[in-house]
Amino acid sequence: MTAFLKPRDVARIVAAQGIAGTFERLAGYLEADYRRWADFDKTPRVAAHSRDGVIELMPIADATLYSFKYVNGHPANTRAGLPTVMAFGVLAEVATGLPLLLSELTLTTALRTAAMSALAARTLARPGSRRMALIGNGAQSEFQALAFHHLVGIDEIALFDVDRAATARLQRALAGVPGLRLIACDSVERAVQGADIVTTVTADKTRATILRPGHIAPGMHLNAVGGDCPGKTELDAAILEHASVFVEYEPQSRIEGEIQQMPADFAVTEFWRVLTRQAPGRRRDDEVTVFDSVGFALEDFSALRWLRDSARELGLGEPLALVPEQQDPKDLFGVLGLDLGAAANRAA
Ligand SMILES: NC(=O)c1ccc[n+]([C@@H]2O[C@H](COP(=O)([O-])OP(=O)(O)OC[C@H]3O[C@@H](n4cnc5c(N)ncnc54)[C@H](O)[C@@H]3O)[C@@H](O)[C@H]2O)c1
């Protein structure tokens with residue numbers, strides 16, 4: 001049977017592993033999979049765009065496991081009481097096609113996105129980075145803050161959101177984290193002052209310029225998370241021109257990332273090449289590095305593997321009769337339990 005994991009199960013896994021342990025383990029799964037990049041059958045995600053948002057399918061497979069994620073992005077949803085991002089996904093056996101796991105991926109997307117951002121920053125930001133600006137204080141923001149605190153060593157975070165209530169909520173949520181200082185700011189300019197790393201995780205269905213060249217100091221690492229769709233960006237193109245830009249999967253990032261603003265031959269480096277030392281990461285202390293995050297299917301594949309293994313360890317997951325149970329695999333019609341003779345008699 002397929003195992004089913006609910007948001008409550010994911011919360012139990014995180015409680016058992018601790019938030020720092022969760023990010024550490026997830027980053028381990030992500031790194032292990034990015035290091036074996038050539039093993040994967042990759043494709044840019046399939047997107048259905050509408051006036052208010054996007055719904056995407058994100059498939060990927062290696063020789064033994066296949067996964068897909070369903071995810072949406074609707075920036076105006078919060079006004080209607082719904083999250084901007086909602087997701088679920090499946091992990092299946094390549095040899096038979098049997099779905100092994102059906103899981104919530106809304107919480108998991110936030111966890112894996114933050115773990116991926118922190119993994120990229122650990123590789124690309126200046127060693128010893130301590131201060132981060134966090135622009136956009138919505139649903140993803142605690143995850144980003146905590147992943148950077150625990151995995152990168154960030155101990156001071158300057159917060160800015162156009163919605164002051166969002167910043168206040170984030171401050172309350174993180175108030176008890178030992179060793180983490182939070183500073184609420186009233187502008188992007190204030191927030192980025194003295195920052196080693198700037199994370200942008202805003203939601204707007206537009207070509208926003210959250211960061212302009214004047215916001216950027218030599219040596220900064222930019223973790224640009226919110227620009228992840230055609231026509232939805234966060235960085236002024238002039239920032240990219242003077243930075244080293246790292247992407248997850250180039251064919252998808254050309255369509256969806258900050259680099260959609262750049263010519264097709266604008267040089268970028270896929271992150272797996274840095275991890276496997278086939279390409280340099282940061283070369284100088286004063287270099288500006290950009291992780292142009294859009295979210296790639298491989299990260300959900302890694303996250304689903306983490307969920308499957310963690311659920312097994314903790315005995316979590318409800319058996320789900322997703323596929324019909326058949327005595328004879330060729331007798332599918334029998335599962336309907338119809339008595340065709342009786343139906344024919346009634347008709348007569
Ligand atoms: N790259 C990835 O892998 C990935 C994964 C998940 C989400 N995302 C993206 O991250 C973004 C944030 O997601 P969320 O779930 O936190 O959304 P959310 O709606 O909960 O929060 C977004 C916040 O951004 C703020 N904001 C909007 N415009 C702003 C501006 N100009 N300046 C400052 N703040 C601004 C909003 O007020 C809101 O508080 C979305 O665009 C989403 O698509 C990317």
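This is a predicted model, so every value here is computed, not measured.

**A word on the packing of helix 2 (residues 19-35) against helix 4 (residues 141-152)**
Right, on to step 1. Running from N to C, helix 2 and helix 4 cross one another at 80 degrees; their axes reach a closest spacing of 9 Å. Taken together, helix 2 and helix 4 sit at an angle that is classed as roughly perpendicular. In this structure, helix 2 uses Ile19, Ala20, Phe23, Glu24 and Ala27 to contact helix 4, whose residues at the interface are Phe143, Leu146, Ala147, His150 and Leu151.

**Some words on the site of the ligand**
Right, on to step 1. Looking at the ligand, there are 26 residues lining it, with Thr84, Asp161, Asp228, Lys232 and Ser293 nearest.
Right, on to step 2. One nitrogen or oxygen atom from the side chain of Thr84 is found 2.6 Å from an oxygen atom belonging to the ligand.
Right, on to step 3. Coverage of the ligand by the protein amounts to 88% of the 860 Å² it exposes when considered alone.
Right, on to step 4. Across the shell around the ligand, the residue classes tally to 11 nonpolar, 10 polar and five charged.
Right, on to step 5. Two domains each put at least three residues into the shell around the ligand: domain 1 (2-107 + 299-329) and domain 2 (113-296).

**A closer look at the sheet that holds strand 5 (residues 87-93)**
Right, on to step 1. If you trace the seven strands from one edge of the open sheet to the other, you get 2-3-4-5-6-1-17, paired in mixed fashion. Of all the strands in the sheet, the pair left with one neighbour each is strand 2 (46-49) and strand 17 (318-320). Going across the sheet, the axis of each strand differs from the next one's by a mean of 15 degrees, ignoring polarity.
Right, on to step 2. Pairing of strand 1 (residues 2-5) with strand 6 (residues 99-104) involves three bridges; the strand directions are parallel. In the sheet register, Leu5 faces strand 6, and the bridge partner there is Ser103.

About the criteria used
Residues numbered from 1 in each chain as written. Predicted model: local features only at pLDDT ≥ 70, side-chain atom pairs only at ≥ 80, totals over all residues. Heavy atoms only, no water. Axes fitted to C-alpha atoms, helices over the stretch in contact; angles between N-to-C directions. Helix = DSSP H or I, 4+ residues; strand = E, 2+ residues; numbered from the N terminus. Parallel < 35°, antiparallel > 145°, perpendicular 65-115°, else oblique. Contact = heavy atoms within 4.5 Å. Near = heavy atom within 4 Å. Polar contact = N/O pair within 3.5 Å; in protein donor to acceptor, adjacent residues only side chain to side chain. Areas by Shrake-Rupley, 256 points an atom, 1.4 Å probe, with all protein chains shown as cover. Nonpolar A, V, L, I, M, F, W, Y, C, P; charged D, E, K, R; others polar. Domains from an automatic or database assignment. Pairing = 2+ DSSP bridges.

Note that all results are geometric; they support no functional claim without further evidence.
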